[in-house]
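Survey of secondary and tertiary structure
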Amino acid sequence: MTRPDIRTLIQEGTEQIGRFETMVLLAHALGVRREFLIAHDLDVPDEEKAEKFRLYVVMRKSGTPVPYITGEQDFYGRFFEVNPSVLIPRPDTEVLVDTALELFDEAPRVLDLGTGSGCLAVTLALEMKNSEVVATDVSQEALLTAERNAEKLKAKVAFRRGAWWEAVGEEERFDLIVSNPPYIRADDEHLANLTFEPRSALTDEGDGMSALAVIALGAPAHLRSGGWLLLEHGYDQGEACRNLLQHAGFSAVRTVKDFGGNDRVTLGTVGHFSG
Ligand code: GLN
């Protein structure tokens with residue numbers, strides 16, 4: 001039997017999972033850039049690589065997200081290693097980065113609670129001059145992944161293990177606290193489509209507000225005067241988060257929308273009172 005050339009493999013994949021994902025997975029299987037596939041479509045890859053591609057197509061067809069197959073996801077212009085122990089970074093979360101960068105551009109002390117892949121901590125460490133970034137996660141596997149990302153991308157981040165405030169010293173203060181915690185309601189039908197990602201990164205197994213509440217209520221004690229808390233949340237949790245932050249004593253509370261026009265990030269500051 002003749003071995004398939006690149007053009008044939010592209011056809012084979014496109015019929016099953018569409019052209020875009022076929023190109024991504026074939027390039028990954030062959031260890032080449034996507035542009036190479038077009039320029040060399042009559043090349044005949046090694047059998048082993050062609051088989052690898054076919055396996056990727058089967059995995060994709062059974063629902064595995066592309067980033068878990070390729071092992072990487074782009075976030076804020078950088079590639080992060082991902083695996084099933086971490087949530088796949090979403091473009092919506094880039095809104096949180098943009099908002100943080102508008103507030104501080106130099107020397108902030110930053111805390112990222114529940115860092116997962118480390119995408120927020122690493123990005124903030126690299127985008128903010130002279131920042132000092134601490135990132136926590138309860139999951140050891142997630143922390144190891146985040147550590148590898150920080151190392152690969154040359155970001156200076158101090159990682160600590162613990163749930164929410166557990167890994168933060170009582171006396172510690174930050175200028176900026178960020179988090180993208182599990183905020184999906186346990187009975188949200190959306191969860192059914194997210195079975196490949198760590199469930200504990202997606203839902204609090206309750207109304208979706210409990211992690212947000214623990215973080216918001218604990219944050220004022222760990223913020224310097226003039227410091228900010230930025231929380232990512234669900235499209236329908238903007239009002240609840242604004243109420244939560246106000247209740248926790250924050251001022252200048254507002255919600256920022258994501259690229260899809262949905263409420264996505266709520267922030268507030270702990271004021272300095274003079275006089
Ligand atoms: N934004 C993700 C989603 O809805 C959820 C992320 C999270 O729970 N922190 O798919």
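Structure report, in brief.

Conventions and cut-offs
Throughout, a residue's number is its position along its own chain's written sequence, starting from 1. For a predicted model such as this one, the threshold for reporting local features is a pLDDT of at least 70, and the threshold for listing and counting side-chain atom pairs is 80 or more; totals across whole chains, interfaces and linings nevertheless cover every residue. With hydrogens and water set aside, each side-chain value is computed from the structure's full complement of heavy atoms. Residue types Ala, Val, Leu, Ile, Met, Phe, Trp, Tyr and Cys, when buried and joined through side-chain atoms within 4.5 Å, form a set referred to as a nonpolar core. Burial classes follow relative accessibility: with a 1.4 Å probe on protein chains only, a residue under 20% of its type's maximum area counts as buried, one over 50% as exposed, and anything between as partly exposed. Helix and strand definitions follow DSSP, with helices as H or I runs of at least four residues and strands as E runs of at least two, each counted in order from the N terminus. By convention in these notes, a residue is near a molecule or strand provided one of its non-hydrogen atoms lies within 4 Å of it. For the purposes of these results, a polar contact is taken to be a pair of N or O atoms within 3.5 Å, where, inside protein, one atom must be able to donate a hydrogen and its partner to accept one; residues adjacent in sequence count only when each atom of the pair is a side-chain atom. What sets the accessible areas is the Shrake-Rupley method with a 1.4 Å probe; for residues, cover comes only from the shown protein chains. Method remark: on a 1 Å grid restricted to protein atoms, a set of points is classed as a cavity if a 1.4 Å probe fits but cannot get out and as a pocket if it is open with protein on both sides within 12 Å along at least five of seven lines; lining residues have an atom within 4 Å of a point. Grid points are joined across faces, edges and corners, and a volume is the space filled by probe spheres set on the points. Any residue outside Ala, Val, Leu, Ile, Met, Phe, Trp, Tyr, Cys, Pro, Asp, Glu, Lys and Arg is labelled polar, Gly included; the first ten of those are nonpolar and the last four are charged.

**A short note on the nonpolar core**
In a soluble, globular protein the nonpolar side chains are often hidden away together inside. Val157, Leu176 and Leu230 are the most contacted members of the largest nonpolar core, which totals 31 residues. Of all the secondary structure elements, the ones that give two or more residues to this core are α6 (94-103), α7 (119-127), β4 (132-137), α8 (140-152), β5 (157-161), β6 (174-179), β7 (223-232) and β9 (263-269). When residues of this core are assigned to their parent elements, the largest contribution, 6 residues, is made by α7. Counting residues in each nonpolar core, the second largest holds 29 residues, with Val134, Ile184, Leu223 and Leu231 among its members.

**Remarks on unusual backbone geometry**
Its identity as a non-glycine residue notwithstanding, Lys154 has a phi of 60°, on the positive side. Secondary-structure assignment places Lys154 in the loop between α8 and β5. The backbone phi angle of Glu205 is positive, close to 65°, even though this residue is not glycine. Mapped onto the elements, Glu205 comes out in the loop between α9 (199-202) and α10 (210-218). Using a relative accessible area of 47% as the deciding quantity, one classes Glu205 as partly exposed.

**Considerations on the site of the ligand**
By nearness alone, every residue bordering the ligand is listed as Leu87, Arg90, Asn180, Pro181, Pro182, Tyr183, Ile184, His190, Leu194, Ala201, Leu202 and Glu232. One of the side-chain nitrogen or oxygen atoms of Arg90 is found 2.9 Å away from an oxygen atom of the ligand. With respect to the ligand, the side chain of Asn180 contributes an N or O atom lying 2.8 Å from a nitrogen atom. Across the complex, the protein chains shield 91% of the 300 Å² of accessible surface that the ligand would expose by itself.

**Details of the layout of surface pockets**
To find leftover empty space, a probe the size of one water molecule is rolled over the atoms. Looking at the largest pocket, its volume works out to about 610 Å³. Taken together, 27 residues form the lining of the largest pocket, with Val24, Val66, Thr70, Glu72 and Gln73 sitting closest to its centre. Every element with two or more residues in the lining of the largest pocket is listed here: α2 (19-30), α5 (66-70) and β1 (72-75). In terms of residue class, the lining of the largest pocket is built from 13 nonpolar, 7 polar and 7 charged. Of the voids in this model, the second largest pocket is the one considered here, and its volume is about 470 Å³. Lining the second largest pocket are 27 residues; nearest its centre among them are Gly114, Gly116, Asp137, Ser200 and Ala201. Elements represented by at least two residues in the lining of the second largest pocket include exactly α7 and α9. When grouped by side-chain class, the residues that make up the lining of the second largest pocket number 14 nonpolar, 10 polar and 3 charged.

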